[in-house]
Amino acid sequence: MSKQDAMSSWINCCTSLSVCIFSDLLEDLERSPDAAAIAECFVERSEAFDIYTLYCMNYPNSVAVLRDCMKNRSLVRFFLERQTTLKHSLPLETYLLKPVQRILKYHLLLQELSKHIDKSDPGYEVVEDAIITMTAVAWYINDMKRKQEHAVRLQEIESLLLNWSGPDLNGFGELVLEGSFKVLRVKKERAFFLFDKMLLIAKKRLEQFIYSTHIFCCNLQLVETLKDPLCFKVSDQTIPKQQHIVQTKNQEEKRLWVHYLKRLIVENHPASLPQK
């Protein structure tokens, strides 16, 4: 199969996927006499929207492949011919983005719809169910995208980190926060990487990071109130001398780091803590 045939097959596959799954949805929406019936169309097809997650996860790869193909003149001509034949006013890359944009707006459209229905109306509960369903779909897709971005960033950090002799960083959970800070009695800024189970501190050398030290979150201690309102102190309770007074750039940054440090200290605490 030639590259043109492969790309043609890929385009037809994308189109068929969208048509097969959602042509019935469109027909049912057009036949729906009221808001409750419109909402029911989304509730009934809640599982069918799962394929959007796969599509959104692969969207960056699809765009990268397409842009690579557009460097080939014969393929550019092929795409233009297909665009003309299909009578599409916009290029393929624009249509590839539409499903990503659309799935994240359904819950917003349903929320707008709910504003025009009285809460005493018997169909109001169905609309509420549809909002919950599509909000969950949008949240899950955004969460998966975030995890994918974090995984890519984690690979980048590992490739740039020198002198680290520990296990793979993904064994310490997700990368929660990262930032560069001034540290008391240290000339150059330090890079801080906060994972679910560990705080990693490294020196910066151009584009690379040189491992300095780490503190497991189960041993992490935090002092948030110091003379300098922009500073907080982190230390390792198993190594009392290992203390780092960190200066943030503003109060918002300090609040963010203190919030997540506190949360991870509690989550990793070896003792069973009361919920309150």
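Residues numbered from 1 in each chain as written. Predicted model: local features only at pLDDT ≥ 70, side-chain atom pairs only at ≥ 80, totals over all residues. Heavy atoms only, no water.

- Looking at an unreviewed UniProt entry, the protein carries the name Pleckstrin y domain-containing G member 3, with the source organism given as Characodon lateralis.

1. Brief notes about the pairing of strand β7 (residues 231-236)
Then comes step 1: When you tally the buried positions in β7, you get six out of six residues, the bulk of the element.
Then comes step 2: Of the two faces of β7, the one lined by Cys-231, Lys-233 and Ser-235 and the one lined by Phe-232, Val-234 and Asp-236 are each fully buried.
Then comes step 3: Strand direction decides the pairing type here: strand β6 (residues 220-223) and β7, joined by four bridges, are antiparallel. Note on β7: the bridge partner recorded for Val-223 is Lys-233.
Then comes step 4: Pairing analysis gives six bridges linking β7 to strand β8 (residues 239-247), with the strands arranged antiparallel. Paired with Asp-236 across the strands is Ile-239, a residue of β8. (Buried < 20%, exposed > 50% of the residue type's maximum accessible area, 1.4 Å probe, protein only. Helix = DSSP H or I, 4+ residues; strand = E, 2+ residues; numbered from the N terminus. Pairing = 2+ DSSP bridges.)

2. Quick word on the pattern of salt bridges
Between side chains of opposite charge, a pair can form as their charged atoms come close.
Then comes step 1: A complete count under the given rule lists nine salt bridges for this structure.
Then comes step 2: Of the charged contacts, one joins Glu-112 and Lys-115 as a salt bridge, the two residues approaching to 3.3 Å between their closest N and O atoms.
Then comes step 3: Among the residues examined, Glu-112 registers a relative accessible area of 41% and is labelled partly exposed.
Then comes step 4: By relative accessible area, Lys-115 is classed as exposed at 64%.
Then comes step 5: Here the salt bridges do not stand alone but share partners, grouping Asp-143, Arg-146, Lys-147 and Glu-174 into one network. (Salt bridge = Lys/Arg side-chain N within 4 Å of Asp/Glu carboxyl O.)

3. Details of the packing of aromatic side chains
Then comes step 1: The final tally for this structure, using the stated rule, is 12 aromatic pairs.
Then comes step 2: For the pair Phe-193 and Phe-209, a centre-to-centre distance of 5.1 Å together with 85° between the ring planes defines the contact as edge-to-face. Of this pair, Phe-193 sits in strand β3 (residues 190-195) while Phe-209 is found in strand β5 (residues 208-216), placing the two residues 16 residues apart along the sequence. (Phe/Tyr/Trp six-rings, centres within 6.5 Å; stacked < 30°, edge-to-face > 60°.)

4. A short note on the nonpolar core
Then comes step 1: If you look at the biggest cluster of nonpolar residues, it comprises 30 residues, and the most contacted ones within it are Phe-42, Phe-49, Ile-103, Tyr-106 and Met-134.
Then comes step 2: Looking at this core, the elements with two or more residues in it are α2 (35-44), α3 (50-69), α4 (73-85), α5 (92-103), α6 (106-114) and α7 (124-160).
Then comes step 3: Broken down by element, this core gets its largest block of residues, eight residues, from α3.
Then comes step 4: Discounting residues that sit within four places of it in the chain, Tyr-106 has contacts with Phe-42, Phe-49, Tyr-52 and Met-134.
Then comes step 5: Phe-192, Ile-201, Ile-215 and Val-234 belong to the second largest nonpolar core, which has 19 residues in total. (Core = buried A, V, L, I, M, F, W, Y, C linked by side-chain atoms within 4.5 Å. Contact = heavy atoms within 4.5 Å.)

5. Points about the packing of α6 against α7
Packed helices, taken two at a time, are described by their axes: the angle between them and the distance between them.
Then comes step 1: Axis separation between α6 and α7 bottoms out at 8 Å; the angle between their running directions is 160°. Of the possible angle classes, the one that applies to α6 and α7 is roughly antiparallel. Judged by the twist between their axes, the crossing of α6 over α7 is left-handed. Mapping the contact onto sequence places Tyr-106, His-107, Leu-110, Gln-111 and Ser-114 in α6 and Tyr-124, Val-127, Glu-128, Ala-130, Ile-131, Met-134, Thr-135 and Ala-138 in α7. (Axes fitted to C-alpha atoms, helices over the stretch in contact; angles between N-to-C directions. Parallel < 35°, antiparallel > 145°, perpendicular 65-115°, else oblique. Left-handed = near helix turned anticlockwise from the far one by under 90°.)

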